[in-house]
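Structural description and commentary
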Amino acid sequence: MTHLWIRAEQRPQEERVGITPDGVAALRAKGFRVTIEDSPRRAVPIAPYTEAGAERAAYGSWPDAPTDAIIFGLKELPEDGTPLRHRHIMFGHAYKGQPAGQELLRRFRQGGGVLYDLEYLTDAQGRRVAAFGYWAGYAGAAVSLLAYAAQARGGVCAPVARFADKTVLVDAVAQALAGLAVPRVLVIGALGRVGRGAADMCAAVGAPVTAWDKAETEAGGPFPEVLAHDLFLNCILAMPGTPVFVPQSAVSAPRALRVIGDIACDPTSDFSPVKVYDRATDWARPVLRVHGAPVLDVMAIDNLPSLLPIEASEDFAAQLLPHLQAVDAVEAGIWGRARAEFDRNIRALEA
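Residues numbered from 1 in each chain as written. Predicted model: local features only at pLDDT ≥ 70, side-chain atom pairs only at ≥ 80, totals over all residues. Heavy atoms only, no water.

Before going further, it helps to spend a moment on the sheet that holds strand β3 (residues 55-57). Judged by pairing direction, the sheet is parallel, and its 6 strands sit side by side in the order β3-β2-β1-β4-β5-β6 without closing on themselves. Taken across any chain shown, the strands that pair with only one partner, and hence form the sheet edges, are β3 and β6 (114-117). In this sheet, adjacent strand axes meet at a mean angle of 25 degrees when their direction is disregarded. Two strands pair when backbone bridges link them, and strand β2 (residues 33-37) and β3 are joined in this way by 3 bridges, in the parallel orientation. If you follow Glu-37 over to β3, its bridge partner there is Ala-57. Along the sheet, helix α1 (residues 21-29) makes contact with β1 (3-6) and β2, crossing β2 at roughly 150 degrees. (Pairing = 2+ DSSP bridges. Helix = DSSP H or I, 4+ residues; strand = E, 2+ residues; numbered from the N terminus. Axes fitted to C-alpha atoms, helices over the stretch in contact; angles between N-to-C directions. Contact = heavy atoms within 4.5 Å.)

Shown next as structure tokens:
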């Protein structure tokens, strides 16, 4: 019997979950065993999960789960250095040279476990089967617009917190922009999930968008158009061959650019296309001020969909459920491809 163990997210402010109670009911109907941990902050209460047939476990008890259980979560594990013996489904952020990711892979190697990275669950054509991208784009554009408004009034973006729903978020941004010149926004990656979410948020508050994708960036730069906009939203994941959109020299160059929303947010990757900052921001301090005259702020929150946890969870869970229902054949299809990617990176780690 396949045993899926839904762990509680241990990162502060993380309320998302990758499966709904209806999803648990669907897995139980297939004969899966499902365990869910208590959580002090999950957006969906635990009662509907247990009513759907999930067994209840203590918060953070996944290290003691049966060895054959597949541990399912979203964000990173506690960085305590312990070997990892289970099979894990999560976003590992481990395959692009990130220091924390390399340490995570070493823990898997030491414990004999396996990472099925959610970012690398792809169909036969290489397309991701489930992503939070749309809501990352939506929330990332919103916080970047809030940063623009705060800066235009002589301040710095205030702390942010979860929003009850997207209507509340749009209202907050519209109120912040009231009375200001609406910023001109450049979105790179406009045809993807992240870019569509970012463009929809901008449209909701009347901010005009210049939409770029591969055709506009394939020449490899430089891209003076980025500096000619008030707000730049990067919606393209850092990958080998990604061009640099904002070089370090941009901070002191003549520019209209005042806010960068690095929604893809991978500053420690060698392939990052935004070179003017080196660390993620967070809800308490949403922006880094990387230059003072003229001002340039960078928004680089790495858990943006958590600002809209219910919409984000429901959307992602609906995308992923058909594939979770096939996890009993974990070495085939999308799961087999994700395992192959893990094995390749483990071999590279050993080299």
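What follows is about empty space enclosed by the protein. On inspection of all chains with the given rule, the structure shows 2 cavities of 30 Å³ or more. Lining the largest cavity are Arg-7, Ala-8, Glu-9, Glu-14, Glu-15, Arg-16, Val-17, Ser-39, Arg-41 and Arg-42. Grouping the amino acids of the lining of the largest cavity by side-chain chemistry returns 2 nonpolar, 1 polar and 7 charged. For the second largest cavity, the calculated volume is near 30 Å³. In terms of lining residues, the second largest cavity is bounded by Ile-6, Arg-7, Glu-9, Arg-16, Val-17, Gly-18, Phe-72, Gly-73 and Leu-74. Grouping the amino acids of the lining of the second largest cavity by side-chain chemistry returns 4 nonpolar, 2 polar and 3 charged. (1 Å grid on protein atoms, 1.4 Å probe; cavity = no way out; pocket = protein on both sides within 12 Å on 5 of 7 lines; lining within 4 Å. Points joined across faces, edges and corners; volume = space filled by probe spheres on them. Nonpolar A, V, L, I, M, F, W, Y, C, P; charged D, E, K, R; others polar.)

Before going further, it helps to spend a moment on the pattern of salt bridges. The final tally for this structure, using the stated rule, is 19 salt bridges. Between Lys-30 and Asp-328 there is a salt bridge; the shortest N-O distance is 3.7 Å. Taken together, the residues span a long stretch of sequence, with Lys-30 in the loop between α1 and β2 and Asp-328 in the loop between α9 (309-324) and α10 (333-350) at a distance of 298 residues. Under the relative-accessibility criterion, Asp-328 is labelled partly exposed at 44%. Salt-bridge contacts for Asp-38 lead to Arg-56; the nearest nitrogen and oxygen are separated by 2.6 Å. (Salt bridge = Lys/Arg side-chain N within 4 Å of Asp/Glu carboxyl O. Buried < 20%, exposed > 50% of the residue type's maximum accessible area, 1.4 Å probe, protein only.)

Where helix α4 (residues 133-152) contacts helix α5 (residues 166-177), the two axes come as close as 9 Å, and the packing angle between them is 25 degrees. In terms of axis orientation, α4 runs roughly parallel to α5. Handedness of the crossing formed by α4 with α5: left-handed. Contacts between α4 and α5 pair Trp-135, Tyr-138, Ala-139, Ala-142, Leu-145, Leu-146, Tyr-148 and Ala-149 from the former with Lys-166, Leu-169, Val-170, Ala-172, Val-173, Ala-176 and Leu-177 from the latter. Split by residue class, the contact of α4 with α5 holds 14 nonpolar, no polar and 1 charged. (Parallel < 35°, antiparallel > 145°, perpendicular 65-115°, else oblique. Left-handed = near helix turned anticlockwise from the far one by under 90°.)

Across its 13 residues, helix α3 (residues 99-111) extends 19 Å between first and last C-alpha, which sits within 8% of the 18 Å expected from 1.5 Å per residue. Along α3, the residues that are buried comprise Gly-101, Leu-104, Leu-105, Arg-107 and Phe-108. For α3, the angular spread of buried residues about the axis comes to 155 degrees, placing them on one side. (Expected span 1.5 Å × (residues − 1). Arc of directions from axis to C-beta.)

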